[in-house]
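# Survey of secondary and tertiary structure
As a plain string of letters, each chain reads:
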Amino acid sequence: MKPSVQIKLANLSERLDELNRLLSTEDVTSNMDYYRKISKEHAEITPIVEKFREFQKVESDISEAQAMLADPEMKVFAQEEIESGKKRSDEIALSLQKLLLPKDPNDEKNIFLEIRAGTGGDESALFAGDLFRMYSRYAERQNWKVEVVSASESEVGGYKEIIAKIEGYGAYSKLKFESGGHRVQRVPDTETQGRIHTSACTVAVLPEADEVSDVIINPAEIRIDTFRASGAGGQHINKTDSAVRITHLPTGIVVECQDDRSQHKNKAQAMSVLVARIKDAEVRAQQSKIASERKSLIGSGDRSERIRTYNYPQGRITDHRINLTLYKIDAITEGDMDELINALLTEYQADLLASLGEEN
């Protein structure tokens, strides 16, 4: 382990001791904002420090074993201890490197999930419905809340476009690699010749923006229109101008929301989506600049990039960014996405570690 990393870990160890003293004082809860701040810091650095102290213990054991090498009766035992200790030390050092990787500030945030049908007509809309079902089922497994913000249904089923808000701890950290082009290969129900058709959808995963700190919108730069909602919703929803369309004039971003009967709620929801899209556009511009200097294994985040293919006749899903193929399409499309998501996260961490190595 590099000396610079050991110094950083030693400083974190001292900081944890200091936080333990602060949290044990009687009046620590007199200022709840401060209490929450140091409690969060304590929770974040505790696993790192515990792993570092484990590393120190292993290194100490290796030193003791090396001192025993001079004793002929203990030499074989000492060599075994040194060998196993060094192996364990390397494993812990790698774990510490991962724990020290820079955290994505959006990882804990809720998300807006946007799915749009692309090439393939009706079959593409049906595929959009299948993708939404997959993500909804996965969210259920995580005990997350899914709320449809806006949906444009297809006449044959599925969606031309659907936007949903997913609320739950770590939603962005789990689903941030889903943005991009998703392609499906299967025989449509309407296909009489049994031919396989290829269709596509675009998925966008946007972290919910903190309106105050993340994006400042000038009221003079937006246009708000109200109109009558279309589609299902009963008589009331079609009789009032409850649907809201917000246009951000500088960027041309347009957001519609008509899911709620309340114009006020639709406006608030549309503003949330607008803020998230503006923030996402800023982040993607920044990522594009970084990606031009160094291509990430996980991809550039470009929405036009084809990231995954769902081949139903062969029962397989292939993620093209990491060359991973899994023959469990039924399970994955029912929300069992852990293996896929964990593989992407592992590759992302390996890529980050490689980039840190290049910088150092």
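Residues numbered from 1 in each chain as written. Predicted model: local features only at pLDDT ≥ 70, side-chain atom pairs only at ≥ 80, totals over all residues. Heavy atoms only, no water.

### Considerations on the packing of aromatic side chains
Across all of its chains, the model carries 4 aromatic pairs by this definition. Seen in terms of ring centroids, F132 and Y159 are 5.9 Å apart; in terms of plane orientation they differ by 80 degrees. Their pairing is edge-to-face. Pair noted here: F132 is in helix α4 (residues 122-141) and Y159 is in strand β3 (residues 159-167), with a separation of 27 residues, a long-range link. The exposure class assigned to Y159 is buried, which follows from its relative accessible area of 18%. With centroids separated by 5.7 Å and ring planes inclined at 80 degrees, the aromatic side chains of Y138 and W144 adopt a geometry described as edge-to-face. Across the pair, W144 and Y138 agree in class, each one buried. Looking at R186, its charged tip hangs above the ring of Y312, at a distance of 5.0 Å from the centre. Directly above the aromatic system of F227 lies the positively charged group of R245, at a separation of 4.5 Å from the ring centroid. (Phe/Tyr/Trp six-rings, centres within 6.5 Å; stacked < 30°, edge-to-face > 60°. Helix = DSSP H or I, 4+ residues; strand = E, 2+ residues; numbered from the N terminus. Buried < 20%, exposed > 50% of the residue type's maximum accessible area, 1.4 Å probe, protein only. Lys NZ or Arg CZ within 6 Å of the ring centre and 35° of its normal.)

### Points about the confidence of the model for the chain
Confidence in the prediction for the chain averages 85 pLDDT; 88% of positions are at 70 or higher. The model gives residues 232-238 a pLDDT under 50, and that stretch makes 10 contacts with residues more than four places away or in other chains. Scored below 50 in pLDDT, residues 293-297 shows 10 contacts in the model against residues more than four places distant or in partner chains. (pLDDT = per-residue confidence, 0-100. Contact = heavy atoms within 4.5 Å.)

### Things to note about the packing of helix α2 (residues 32-67) against helix α3 (residues 75-99)
Contact geometry of α2 with α3 gives a least axis separation of 9 Å together with a crossing angle of 160 degrees. By the angle between their directions, the pair α2 and α3 is classed as roughly antiparallel. The interaxial crossing formed by α2 with α3 has left-handed handedness. Between α2 and α3, the contacting residues are P47, I48, K51, F52, E54, F55, V58, E59, I62, A65 and Q66 on the first element and A78, E81, I82, G85, K86, R88, S89, I92, A93, S95, L96 and L99 on the second. Counted by class, the contact of α2 with α3 contains 13 nonpolar, 4 polar and 6 charged residues. (Axes fitted to C-alpha atoms, helices over the stretch in contact; angles between N-to-C directions. Parallel < 35°, antiparallel > 145°, perpendicular 65-115°, else oblique. Left-handed = near helix turned anticlockwise from the far one by under 90°. Nonpolar A, V, L, I, M, F, W, Y, C, P; charged D, E, K, R; others polar.)

### Concerning the layout of surface pockets
Computed from the structure, the second largest pocket encloses a volume of approximately 920 Å³. Surrounding the second largest pocket, 30 residues form its lining, L101, K103, D104, D107 and E108 being those nearest its centre. Of all the secondary-structure elements, those providing two or more residues to the lining of the second largest pocket are α1 (3-23), α2, α3, α5 (171-175) and α9 (338-359). (1 Å grid on protein atoms, 1.4 Å probe; cavity = no way out; pocket = protein on both sides within 12 Å on 5 of 7 lines; lining within 4 Å. Points joined across faces, edges and corners; volume = space filled by probe spheres on them.)

### Looking at the sheet that holds strand β5 (residues 197-207)
What holds strands together in a sheet is hydrogen bonding between their backbones, with the strands either parallel or antiparallel. The mixed open sheet is built from 8 strands, whose spatial order is β2-β3-β1-β5-β4-β9-β10-β11. At either end of the open sheet lies a strand with only one pairing partner, and these are β2 (145-153) and β11 (324-326). Averaged over all pairs of adjacent strands, the angle between their axes in this sheet comes to 15 degrees, without regard to strand direction. Inspection of the sheet shows strand β1 (residues 111-117) paired to β3 by 6 bridges, in the antiparallel sense. Residue pairing for β3: F112 is matched across the bridge by K165. (Pairing = 2+ DSSP bridges.)

### Structural notes on the environment of S136
Relative to the assigned elements, S136 resides in helix α4. For S136, a relative accessible area of 15% translates into the label buried. For S136 and A164, which are 28 residues apart along the polypeptide, the C-alpha to C-alpha distance reads 9.5 Å. At a separation of 2.8 Å, a polar atom in the side chain of S136 contacts the main-chain carbonyl oxygen of F132. (Polar contact = N/O pair within 3.5 Å; in protein donor to acceptor, adjacent residues only side chain to side chain.)

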